[in-house]
Each structure stands twice: as C-alpha cells, then as structure tokens.
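# Structural overview for review
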Amino acid sequence: MNDELVVAIEVNGETVRRLVPASRTLLEFLRVDLGLTGSKHGCDVGDCGACTVLVDGVARLSCITLAVEVRGPVRTIEGVPADDPIVAAFDRHLASQCGYCTPGFVMNLIGVREDGGAPDEEALRNALGSNLCRCTGYTRILDAAKDALGQG
Amino acid sequence: MTPLIKLNASSPHESARKHVSGAARYVDDLPAPQGMLHGFAVASPHAHAKIVSRDGTRARALPGVHAVLFAADVPGSNHIGPVVHDEDLLADATAQCVGHAVAVVVAESRDIAREAAALVDVVYEVLPAILTIEESIAAKAFLGSPHHMARGDVDAALASAAIVIKATARNPAQDHFYLETHAALAIPEEGGNWLIYSSTQHPTEVQGEVASVLGLPRNAVVVEVPRLGGGFGGKESQASQIACWAALGAHVTGRPVKVWLDREQDMTHTGKRHPFRTDYEAGFDADGRLTALRARVYADAGFSLDLSQAINDRALFHLDNAYYVPNVDFQNFTCKTNLLSNTAFRGFGGPQGMVVIEDAMQRAAERLGKDPNVFRVASFYGDAPRNVTPYGMRVDQPRAARLWEELSASSDYATRSAAIAAHNATSSVVKRGLGFMPVKFGISFTATLLNQAGALVLVYADGSVQMNHGGIEMGQGLHTKMLAIAGDELGVPASAVRAMDTATDKVPNTSATAASSGSDLNGWAVRNACAEIRQRMAVVAAEVLGVPAAALVFADGQVGAPGGPSMPFAKLANTCWVRRISLSSTGFYATPDLAYDREKGFGRPFFYFAWGASVVEVEVNALTGEHRVVRADLLQDVGKSLVPSIDLGQVEGAFVQGVGWLTMEECLYDKRGRFVTHGPSTYKIPTIGDVPADLRVHLLENVEQDGTIHGSKAVGEPPLMLGIGVVSALRQAIGAFASPGHEIELALPATPEAVLRAIMDVRARSAAGAPSLHG
C-alpha cells in the first residue's frame with residue numbers, strides 16, 4: 001500500500017528527484033525530503049491554507065496534494081525573492097504577528113497575481129478566504145494585498 | 001536590512017522579514033538531529049474507564065517500531081500538572097477522558113508510529129462518566145477550593161431594588177486554534193542531560209515536568225523555545241505532556257524523539273477555554289444603578305485541576321467588570337468532568353466573569369424596554385466611595401466614563417443609534433443593533449509569587465548585544481518591545497541587539513508568558529539588566545572622556561556629554577573589555593505592592609487595571625439567523641504605548657478572537673464525551689470574510705501609567721473582551737423583531753442557529769403577550 005515511488009519535479013527552478021512513499025504529500029515532500037520548511041502544517045485537511053504553494057502557477061494546498069501527482073513546476077515561499085512586491089507589501093503593512101500563516105497568504109496572493117487582472121477588495125477577500133490567521137484581524141493582510149495587487 | 005524598531009514608535013515585528021520569507025523556524029521546522037525517532041500517543045476512546053490490561057506486543061512487532069511505552073515505563077513520576085500533579089502522564093489505573101494518553105509509540109517515522117498506535121491492545125472497563133457541569137454539581141465533584149467574596153447586604157439590597165434580574169448565564173468553550181500545533185523535540189545529551197525544544201509558553205514548567213518524569217534535577221534539563229505560531233494560553237500548561245512524551249521516548253530509546261500533533265490530535269488531546277455556568281441575581285435602583293450582585297459561578301474544569309482554580313478566581317475578580325457594585329456575594333466552584341482538561345485562554349476567566357454582568361445589564365434594559373447603556377453608564381466605577389472593587393482594591397483612575405464619552409463621540413453613537421431605530425422600524429427581515437462594551441481588566445498574575453521576571457544581557461567587545469529574557473515570543477511582539485527597551489536603555493539602535501531564543505539555561509525560574517504580563521515583567525527585567533551594564537560602562541567612559549559619569553548620555557550608538565566629547569558605544573565596549581570590566585548582567589523585577597488574602601477575599605491582587613471599550617454594529621437576518629458585524633470601533637487604554645503598531649495589532653486580533661468565541665466557534669462533545677469539532681471543517685474560527693469591513697482601532701491618548709515599564713500597560717488579553725460588545729448588539733437586533741419588554745434568550749456562541757432560535761423565541765413570547773421569561 002505504501003510502496004516507494006520516484007518523484008521527480010521542479011521545485012523553485014531546480015529539478016529534484018527522490019524516492020518516497022507513495023502516500024507522501026507534497027507538503028511532507030517539501031518539508032521532510034527537501035528541508036523546505038517555509039510551507040506549514042496548519043490543519044492537514046486542506047482547510048487553513050498554511051501549506052499553500054504554487055503548482056504550475058496555480059495556488060495549491062500541498063497538504064492534500066500527493067507528491068506523485070504533481071505535474072508542473074512547484075514554487076514555494078523559499079523561491080520568492082525578498083523584493084517581490086507582495087513580500088514588500090507584507091513588510092510595509094506589518095501584516096504578520098506569529099508569522100505561521102504568512103507564507104500561505106503570500107503564496108496564495110502570488111497565485112492571484114499569476115491569474116492576472118486587478119482584483120478589487122471583494123475579490124481579494126474572496127481569494128484570501130481560504131487562509132486562516134488566528135493572530136490578526138486580517139485588516140493588515142488585506143491592506144498589504146490591496147497595496148500589492150489591488151486597484152489603486 | 002534589520003527592521004527599524006524604536007521605543008514609543010510604530011515599528012515592524014522583529015521577525016517580520018523571517019515570517020514573510022518562510023525563514024522563521026518553529027519547533028517542527030528545526031533540522032532533524034541524527035537518528036531522530038517519532039512519538040505518537042495512543043488515546044483513550046472512553047471518557048472514564050478502568051484500564052484492565054495493556055499489551056504492546058503487536059505494535060512492537062511492526063517493523064520500524066522502537067518502543068511502546070506505558071505508565072510503568074516512566075522512570076520518575078507519572079504525575080503531572082501545573083499546580084497540583086493530579087494528571088497521569090500516561091493513564092495508569094484509569095483513563096479520565098477521551099483523548100487521555102494511555103501509551104506512547106516510538107518509531108522510525110510518524111506514519112509507522114501512527115500505524116503501530118492502532119495495534120496497541122488496551123482492555124478497558126467503562127466506568128460512569130460526568131459529562132456536564134450539571135452532573136458535576138449533582139455529584140459534588142469539585143476540584144480545588146471555593147473562593148468567596150462578600151460585601152454589604154445582598155439580601156437587603158435585592159429586597160429594596162427597583163429591578164431584580166435572576167438568571168443563569170452560560171458561556172461556551174473555545175479552542176485556541178493557534179496555527180502552529182503542539183510540538184516537542186527531546187534530545188539526549190552527554191552525561192544524562194537533556195535538551196528539549198518545546199512549543200510552550202512556559203519553558204520552566206516543561207523543564208520541571210520533564211525533570212520530574214525522568215527523575216532528574218532541573219539542572220539536567222534545558223528547555224529552549226524558538227518562537228510560537230500562536231499560543232493564546234493553549235501552550236501554557238498543555239505543552240508539558242507533549243514534551244514529556246518525547247522525553248520519555250528519548251529516555252527509553254536513547255535517541256532524539258519528536259512528538260508533533262496534527263490538528264485533530266491537537267484538538268482532541270488538549271483543553272479549551274472553560275465553559276461556565278453562573279446562576280446570579282442582580283439588583284438595580286430606579287436610576288439603573290447596580291446595587292447588588294449575587295453569583296454562583298461554576299467552571300467546567302475537565303478531568304484535572306490544571307489552572308482551573310486560578311481561572312475561576314479571575315472570573316470572580318471580573319464579575320464587576322467596569323461597574324461599582326456596593327453589595328456582592330460571589331462564590332465559585334470548579335467542577336470536575338470527564339472531558340479534556342480545560343485550560344488558560346486569553347482572558348483567563350475574565351471574559352467568563354464579564355459575560356455575567358453584561359447579561360444582567362442587557363436583561364434589565366430589555367425588560368424595561370430601555371437603552372442598556374443607561375444601566376452601564378450609571379453603574380461605572382467613579383469617585384469615592386464608588387471606587388472600590390468587591391475584593392477591596394481601590395480603582396485608581398477609573399476610565400470607563402472617559403472611554404464612553406470619547407468612543408460614543410468618535411463612533412457617532414447617537415446618530416447611528418437613531419438611524420438604526422429608523423431602519424428597524426421599516427425593515428422586516430433585516431434588523432440592526434448597536435452594542436457598547438466597556439472593559440476593566442486586572443493586570444498581574446493573581447498568584448502573587450508569579451509576578452517576577454529575569455533577563456540576561458550580554459554586550460560583546462564589538463558593541464553588539466545579546467538579550468535574553470524569560471518571555472516567549474508567540475506573535476504578540478514581545479521581542480520587538482524588549483528590543484526597543486534594550487536599545488533605548490543602552491543608547492544603541494535596536495538593530496544592534498539580538499533577541500535570543502528563550503531558554504531555561506539563560507533565565508531560570510520564569511513565569512509563563514501569560515496574564516498579559518510579558519512586557520510588564522520582562523520589560524523591567526531587561527531594562528534593569530541594561531541599566532546595570534550601562535552604569536559600569538559609564539564609569540569607564542567618564543575616565544576616557546574626562547567628564548563626570550552622571551553627565552553622560554547613551555544615545556544613537558554614542559556615549560558622551562551633551563555638547564562635550566563623545567565616543568562610539570562599540571569603542572567603549574571594547575575599552576571596557578580591555579580594562580577587564582564585566583559586560584554582562586542579569587536583570588530582575590518583582591511587581592511591588594501586591595497582597596491578596598484569598599481566604600478573606602480581600603486585598604490588592606492587581607498592580608493596575610487596563611481599560612477599553614467597543615461599539616459594535618451588527619445586522620441580523622430573521623429568515624436565516626445569519627448575522628454580520630457591519631462596523632466596530634475599538635478604543636483601548638495601553639498606557640503610553642511601548643510600540644503602537646504592535647499594540648494596535650493586538651487590539652484588533654483580540655477583538656476578532658473574542659467575536660469568534662461568542663458568535664461562531666462551537667465546541668461540541670458527543671454523548672460519549674468525544675470532542676467532535678476537531679478540525680477547521682467543523683470548528684469555525686473567523687476568516688477574512690467574518691471581520692467587519694469597517695474596523696476602527698485606536699489607543700487612548702495621554703494615559704501614561706505610573707510605575708510600569710516606560711508608562712505602558714498590558715495589552716494581550718484585555719481587548720478580547722471588547723468582543724462581548726457583539727452580544728449586546730445582537731440582542732438589540734434580535735429584540736427589534738418583537739415588541740419591547742422581553743428579555744432575550746440568546747445561547748452562546750450566537751451562531752446563526754442560536755440567533756434564529758432567539759428570534760423565534762422572543763417573537764413567540766411577544767405574540768403571546770407573555771411576560772419575559774425571568775420577569
């Protein structure tokens with residue numbers, strides 16, 4: 001049931017190849033096999049967004065994605081440059097408290113950006129509805145999102 | 001680039017760059033030490049059961065399993081608990097709740113450990129279980145010792161009161177739902193010593209519990225905490241069991257062991273905010289002033305004492321909230337049930353106490369068809385003699401009246417209130433309500449001995465600084481504030497100071513980072529340590545510069561006399577080293593003037609009070625019970641803010657957490673005592689869609705506090721109770737669906753279902769022309 005399979009995927013621009021149990025989630029593949037711990041376990045059932053990464057430019061919940069089913073390049077928080085406008089906006093708007101949910105929010109917003117367009121506040125609220133934060137009241141996160149992606 | 005952190009100025013969180021880049025490490029992110037194994041707890045499926053037999057044979061046979069451990073495998077004490085050791089780390093004779101750990105499996109991987117856990121054979125004999133407060137009261141299954149406070153003559157005051165409210169107030173539980181679940185990593189070191197990484201708010205307690213479980217002195221155990229992904233009280237006492245499982249597994253196998261709980265385990269192994277039931281009678285005079293309150297307060301402790309007594313006591317201390325009550329008779333009972341052991345949660349009983357008196361205010365107003373704020377404002381603490389709490393502590397600088405005045409003006413209360421009345425008169429399906437909530441919250445651990453803190457500051461010969469203190473950074477910005485204080489005291493940019501991970505080998509005997517006390521206590525300790533070093537450095541600088549030490553100013557990385565000679569701090573540090581002057585110091589602080597006699601229910605348990613107020617507007621749909629907060633205005637007294645950006649974030653986040661507690665977060669157990677809302681699909685915390693689009697947060701100005709660190713006040717817990725304003729807003733909106741004169745029966749949390757029931761109930765009574773339920 002839990003045979004080992006080869007996973008060969010591109011992560012943050014580098015092709016990696018590992019023999020892993022078939023049940024290995026993408027989140028565990030990133031965290032355990034590659035040591036990329038920026039993506040977090042929050043709920044492990046796809047409801048909190050802390051594990052969000054991009055697969056082929058689309059935001060995906062890595063905790064409910066099997067590593068073996070990944071098709072396309074993976075981008076994690078570690079692959080986001082420090083001068084990315086979304087990262088800079090989080091900084092400028094003091095949008096993190098404990099920081100545990102932050103990478104998931106950033107990756108989700110990068111996915112929104114990849115989608116194109118200039119989302120209005122309601123669209124951003126809808127997009128961020130998949131990410132839980134327990135420390136803030138979300139307003140600074142929304143401010144950062146509007147600043148980086150929104151319509152003026 | 002290091003973020004710019006400065007005292008009394010809005011500053012970024014010291015770890016902001018690490019948060020946003022994914023570089024911030026939490027316990028589960030630490031690199032695995034060589035040979036690390038994984039621990040997994042086997043939980044009792046029964047609320048109360050005798051353990052007839054236990055057998056790990058089948059589990060041990062699974063390849064990759066290194067150990068299956070039961071109570072008998074504990075080398076030291078199997079009894080843990082923060083106040084009294086009344087919990088079995090691993091259930092021995094009996095399992096006391098569903099989720100009580102019976103065994104720990106240690107294996108090569110977590111997957112194997114989990115698989116093996118299902119193969120551990122435990123035979124139970126199910127025993128009768130207590131699953132509700134009412135069953136506990138009937139069985140007189142009380143823990144701890146009741147606390148009693150009395151003043152005046154309640155019977156006489158109730159007899160002469162213009163209005164008497166007799167009711168039962170209940171508040172729900174709440175899961176902490178910190179985004180980072182519990183984790184611990186135990187590493188055996190040479191010589192029988194231990195290094196434990198733990199996601200705890202209380203490393204000293206973890207140190208003590210691990211030492212006790214392993215039968216070692218505390219100096220054999222170092223506990224280190226990188227940072228927490230949220231705590232909210234849930235990692236104050238609950239972290240110990242997880243760390244002890246890891247340490248036990250590592251002790252037996254001789255290898256590092258990590259125990260990490262997934263969300264379901266976290267929610268089904270650890271305690272929640274205490275649900276309370278309070279039976280009360282409140283009297284008001286004809287002007288709406290509170291004259292008397294009698295309350296019997298029952299807290300659902302769960303299966304062990306944990307911190308329940310102190311939480312229940314804090315509920316008593318906050319039954320008065322912001323109101324002077326001349327005649328009181330308060331008593332609490334801490335009820336044992338066979339449920340998860342309830343624990344600290346932001347507010348620590350304070351919210352549970354305040355919910356009671358606010359219920360009384362609402363009911364009095366609803367019965368008479370009046371504005372509840374008439375009752376609130378008339379009852380505020382004020383000048384003598386209306387400035388003494390039920391426990392005899394003087395309320396200096398009562399701020400409720402000022403908060404009401406400023407907030408009602410800035411929130412445009414009167415105009416909006418009139419607009420809402422007009423809207424409600426014409427709208428049949430959707431009604432609105434406007435609620436006001438004042439908060440007075442006592443600051444200090446009520447166990448006086450806990451009000452102490454230590455720090456250790458090290459200045460290196462190049463002028464760079466390491467700062468250690470006993471507090472935990474869990475997102476609340478404690479390290480940011482401590483860096484601001486250290487930078488200010490040493491006259492260096494905060495970027496020259498490094499906040500070290502909290503560790504028990506740097507600062508011993510710490511208190512939990514709890515009770516909102518983190519910056520109050522550690523701030524003074526850090527400042528005192530820096531001041532000591534600065535004093536020594538000043539003696540050297542005075543010699544070098546040829547000016548009196550008393551004339552020296554440490555600022556902007558320079559040391560010198562104003563208008564006179566100066567030298568860089570770094571150069572002075574090097575000179576001190578060359579001259580063999582000590583450049584490290586501890587700092588210590590103990591809060592002065594605290595004295596409380598619990599037997600008499602009298603004294604000064606708090607150093608001061610933190611005040612705040614909220615005005616909350618809601619909209620309620622009568623067809624579905626759905627509701628939303630349209631706008632909220634918050635005003636919080638944080639003294640002279642150490643770092644306003646941090647404080648504003650705390651106020652906003654606490655308010656939203658309070659609204660979550662009272663409107664959407666529903667903890668449910670089934671009839672067998674199983675916690676069934678154990679994930680985000682069934683347990684709803686606020687999302688971005690649940691917070692008001694219009695949220696206005698402000699800090700009260702010109703309120704520098706005497707005797708506190710740089711005139712600041714605590715901020716962690718008090719604003720959570722601003723969320724109670726949503727209840728009064730909801731009750732007003734619900735009442736608008738019926739004729740005036742009916743008390744609202746609204747269960748908490750006020751989910752759409754509960755709101756719909758309340759609307760149907762009040763409409764039915766209104767239609768029947770029946771008097772109010774408690775009328």
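Residues numbered from 1 in each chain as written. Chains lettered and ligands numbered in written order. Predicted model: local features only at pLDDT ≥ 70, side-chain atom pairs only at ≥ 80, totals over all residues. Heavy atoms only, no water.

### Section: the overall build of chain B
In terms of regular secondary structure, chain B is built from 19 helices and 32 strands. Computed over the C-alpha atoms, the radius of gyration of chain B is 27 Å, within 12% of the 28 Å expected from 2.2 N^0.38 for a compact globule of 775 residues. Reported as C-alpha extents along the three principal axes, the dimensions of chain B are approximately 85 × 80 × 50 Å. Look at the contacts in chain B between residues 6 or more apart in sequence, and 79% of them connect residues 24 or more apart. Summing over all exposed atoms, chain B offers an accessible surface of approximately 26,200 Å²; the carbon and sulfur share of this is 53%. (Helix = DSSP H or I, 4+ residues; strand = E, 2+ residues; numbered from the N terminus. Rg over C-alpha atoms; globule rule 2.2 N^0.38 Å. Contact = heavy atoms within 4.5 Å. Areas by Shrake-Rupley, 256 points an atom, 1.4 Å probe, with all protein chains shown as cover.)

### Brief notes about the pattern of salt bridges
Residues and elements named next belong to chain B. Taken as a whole and assessed by the stated rule, the structure comprises 56 salt bridges over all chains. In this structure, Asp-359 and Arg-731 form a salt bridge, with 2.9 Å as the shortest nitrogen-oxygen distance. Of this pair, Asp-359 sits in helix 10 (residues 350-368) while Arg-731 sits in helix 18 (residues 725-735), and the two are 372 residues apart along the sequence. The class for Arg-731 is buried, based on a relative accessible area of 5%. A network of salt bridges, in which partner residues are shared, links Arg-416, Arg-432, Glu-617, Glu-619, Arg-628, Arg-631, Asp-633, Asp-694 and Arg-696. (Salt bridge = Lys/Arg side-chain N within 4 Å of Asp/Glu carboxyl O. Buried < 20%, exposed > 50% of the residue type's maximum accessible area, 1.4 Å probe, protein only.)

### Examining the packing of aromatic side chains
Residues and elements named next belong to chain B. One pass over the structure, following the stated rule, counts 18 aromatic pairs over all chains. Arranged with centres 4.4 Å apart and planes meeting at 50°, the rings of Trp-404 and Phe-436 form a pair that is tilted. Within this pair, whereas Trp-404 is found in helix 12 (residues 400-410), its partner Phe-436 is found in strand 19 (residues 430-443), the two being separated by 32 residues in sequence. By relative accessible area, Trp-404 is classed as buried at 18%. Take Phe-436: its relative accessible area is 1%, and that puts it in the buried class. These aromatic residues form a ring-pair network of at least three members: Phe-317, Tyr-391, Tyr-596, Phe-606 and Phe-609. Sitting above the plane of the Phe-675 ring, Lys-272 keeps its charged end 4.4 Å from the centroid. Looking at Lys-440, its charged tip hangs above the ring of Phe-609, at a distance of 4.7 Å from the centre. (Phe/Tyr/Trp six-rings, centres within 6.5 Å; stacked < 30°, edge-to-face > 60°. Lys NZ or Arg CZ within 6 Å of the ring centre and 35° of its normal.)

### What about the domain arrangement of chain A?
Residues and elements named next belong to chain A. Split into domains, chain A comes out as domain 1 (4-76) and domain 2 (80-148). Relative placement of domain 1 and domain 2: their C-alpha centres are 21 Å apart. On the domain 2 side, the residues contacting the 14 residues of domain 1 number 14 residues. Between domain 1 and domain 2 lies a buried interface of about 1,100 Å² when both sides are counted; carbon and sulfur atoms form 57% of it. Inspection of the region where domain 1 meets domain 2 yields three residue pairs in polar contact (both at pLDDT 80 or more). Counting residues per element, the side of domain 1 that touches domain 2 draws most heavily on strand 3 (residues 52-55), at three residues. (Domains from an automatic or database assignment. Buried area = accessible area lost by both parts, 1.4 Å probe. Polar contact = N/O pair within 3.5 Å; in protein donor to acceptor, adjacent residues only side chain to side chain.)

### Concerning the interface of chain B and chain A
Taken together, the contacts link 54 residues of chain B with 41 residues of chain A. Approximately 3,600 Å² of surface area, both sides summed, lies buried where chain B meets chain A, with 56% of it carried by carbon and sulfur atoms. In terms of surface lost to chain A, no three residues of chain B exceed Val-20, Leu-179 and Ile-688 of chain B, which account for 23% of the buried area on that side. Counting the contacts that link chain B with chain A gives five salt bridges. A salt bridge links Asp-28 of chain B to Arg-31 of chain A, with the shortest nitrogen-to-oxygen separation between them at 2.9 Å. Inspection of the region where chain B meets chain A yields 24 residue pairs in polar contact (both at pLDDT 80 or more). Considering every element that reaches the side of chain B that touches chain A, the biggest residue donor is helix 17 (residues 644-663) of chain B, with eight residues. Partitioned by chemical class, the residues of the side of chain B that touches chain A number 24 nonpolar, 19 polar and eleven charged. (Nonpolar A, V, L, I, M, F, W, Y, C, P; charged D, E, K, R; others polar.)

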